[in-house]
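An overview of the molecular structure
What follows is the residue order along each chain.
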Amino acid sequence: MSTYLVLCQNMARDIGIPGSGPSDVASSSLSEEENAVVRYVKEADVDIQSRWFNWDFLWTETTLTPTADVSTLTSPSNLGNWKLDSFVLAKGTNSYQELEYMDWDDYNLEYKLGSITSDIPEVFSVKPDNVIDLYPTPAATTAISAAYWKTPTEMSVDASESPIPSRFHKIITARAKIYYAENEDAPEILSGALAEFEDLLDKLEADQLAGQKNRRLSRAQNIDNFTVVPQ
């Protein structure tokens, strides 16, 4: 696992900055080039995290507890996108119930006009502000389990670690070197960094996107679960 500081030091070495690179990502005594390295590494990490909303490394689970007679649920603070086929009422009991998703416009017309009853929820939708709405309105506080993908996080201190799997951390410095080369007019760095980044991005996507494992396997293991991703 490479920390924010180690990534910055690796990049500084790769692009030929004299010395061992930044001593501290927040130091006020960094050179102009070292400050640029710190900035580019942070931006590269967020850029890669943001390329797909459903990276496996952004996936997590949560338990949502409804308030009786309130149709909406409080979203996690780090919510990016909901996994819409994952909502289950009372998941840990024999009376569990999978909730059916409906598009907001259809749901709004079907269930949100006129008097709304309170009972056990059966259907849900996601409002335009990414908030879950349930129908019928919950009559009790029975827990709802769900999965979602988190929003990207920024590295901020020396010991910060990217959520990108550690074996692919070189992709962060490869992307950062592209930023550096474009801003510093360094074509000799740009060509190598582009090739490295494209190779690592293909590997990361194959490993961390659903249905993509077969892209990097010499023999497909499950062709029924293979998804073509347009470039």
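For the structure, check the block above.
Residues numbered from 1 in each chain as written. Predicted model: local features only at pLDDT ≥ 70, side-chain atom pairs only at ≥ 80, totals over all residues. Heavy atoms only, no water.

1. Re the side chain of Ser71
Relative to the elements of secondary structure, Ser71 occurs in the loop between β1 (59–64) and β2 (79–82). Reaching out from Ser71, the side chain makes a polar contact with the side chain of Lys112 at a distance of 3.5 Å. (Helix = DSSP H or I, 4+ residues; strand = E, 2+ residues; numbered from the N terminus. Polar contact = N/O pair within 3.5 Å; in protein donor to acceptor, adjacent residues only side chain to side chain.)

2. Looking at the nonpolar core
Counting 40 residues, the largest nonpolar core has Met11, Val41, Ile171, Ile172 and Leu204 as the members making the most contacts within it. Of all the secondary-structure elements, those providing two or more residues to this core are α1 (4–14), α2 (32–49), α4 (170–184) and α5 (187–208). When near neighbours in sequence (up to four residues on either side) are disregarded, Ile172 contacts Leu7, Val41, Ala44, Asp45, Ile48, Ser162 and Ile164. Counting residues in each nonpolar core, the second largest holds 15 residues, with Leu99, Phe124, Ala146 and Tyr148 among its members. (Core = buried A, V, L, I, M, F, W, Y, C linked by side-chain atoms within 4.5 Å. Buried < 20%, exposed > 50% of the residue type's maximum accessible area, 1.4 Å probe, protein only. Contact = heavy atoms within 4.5 Å.)

3. So, a negative patch on the surface
On the surface, Glu32, Glu33, Glu184, Asp185 and Glu188 cluster together to form a negatively charged patch. With respect to the helices and strands, the residue Glu33 is situated in helix α2. Relative accessible area serves as the criterion here: at 34%, Glu33 is assigned to the partly exposed category. (Patch = residues over 30% accessible without salt bridge, like charges linked within 9 Å, V, L, I, M, F, W, Y side chains within 5 Å. Areas by Shrake-Rupley, 256 points an atom, 1.4 Å probe, with all protein chains shown as cover. Salt bridge = Lys/Arg side-chain N within 4 Å of Asp/Glu carboxyl O. Lys, Arg positive; Asp, Glu negative; His and termini not counted. Charge placed at Lys NZ, Arg CZ, Asp CG, Glu CD.)

4. Re the pattern of salt bridges
Within the structure shown, the criterion is met by 12 salt bridges. In this structure, Asp85 and Lys83 form a salt bridge, with 2.6 Å as the shortest nitrogen-oxygen distance. As a salt-bridge pair, Lys112 and Asp133 come within 3.0 Å of each other at their nearest N and O atoms. A residue pair is termed long-range when its members are at least 10 positions apart, and Lys112 in the loop between α3 (104–111) and β6 (118–119) and Asp133 in strand β8 (residues 132–135) qualify at 21 residues. Linked through salt bridges whose partners overlap, the residues forming this network are Asp14, Lys170, Lys177 and Glu196.

5. Structural notes on α3
Every buried residue belonging to α3 is among Trp104, Tyr107 and Tyr111, and all of these are buried. Along the axis of α3, the buried positions cluster into a sector of 65°, meaning they face one direction only. The outward face of α3, more than 90 degrees from its buried face, is lined by the exposed residues Asp105, Leu109 and Glu110. On its buried side, α3 packs onto β5 (100–101), β7 (123–126) and β8. (Arc of directions from axis to C-beta.)

6. Here's the deal with the pairing of β7
In β7, alternate side chains face the same way, and those of Val123 and Ser125 on one face and Phe124 and Val126 on the other are all buried. Counting the residues in the hairpin turn of β7 and β8 gives 5 residues, including Asn130, whose phi is positive at 75°. (Pairing = 2+ DSSP bridges.)

7. Quick word on the packing of α4 against α5
At a minimum axis separation of 8 Å, α4 and α5 run at an interaxial angle of 145°. In terms of crossing hand, the pair formed by α4 and α5 is left-handed. Residues Lys170, Ile171, Ala174, Arg175, Lys177, Ile178, Tyr180, Ala181 and Glu182 of α4 form the contact with α5, whose own contacting residues are Ile189, Leu190, Ala193, Leu194, Glu196, Phe197, Leu200, Leu201 and Leu204. (Axes fitted to C-alpha atoms, helices over the stretch in contact; angles between N-to-C directions. Left-handed = near helix turned anticlockwise from the far one by under 90°.)

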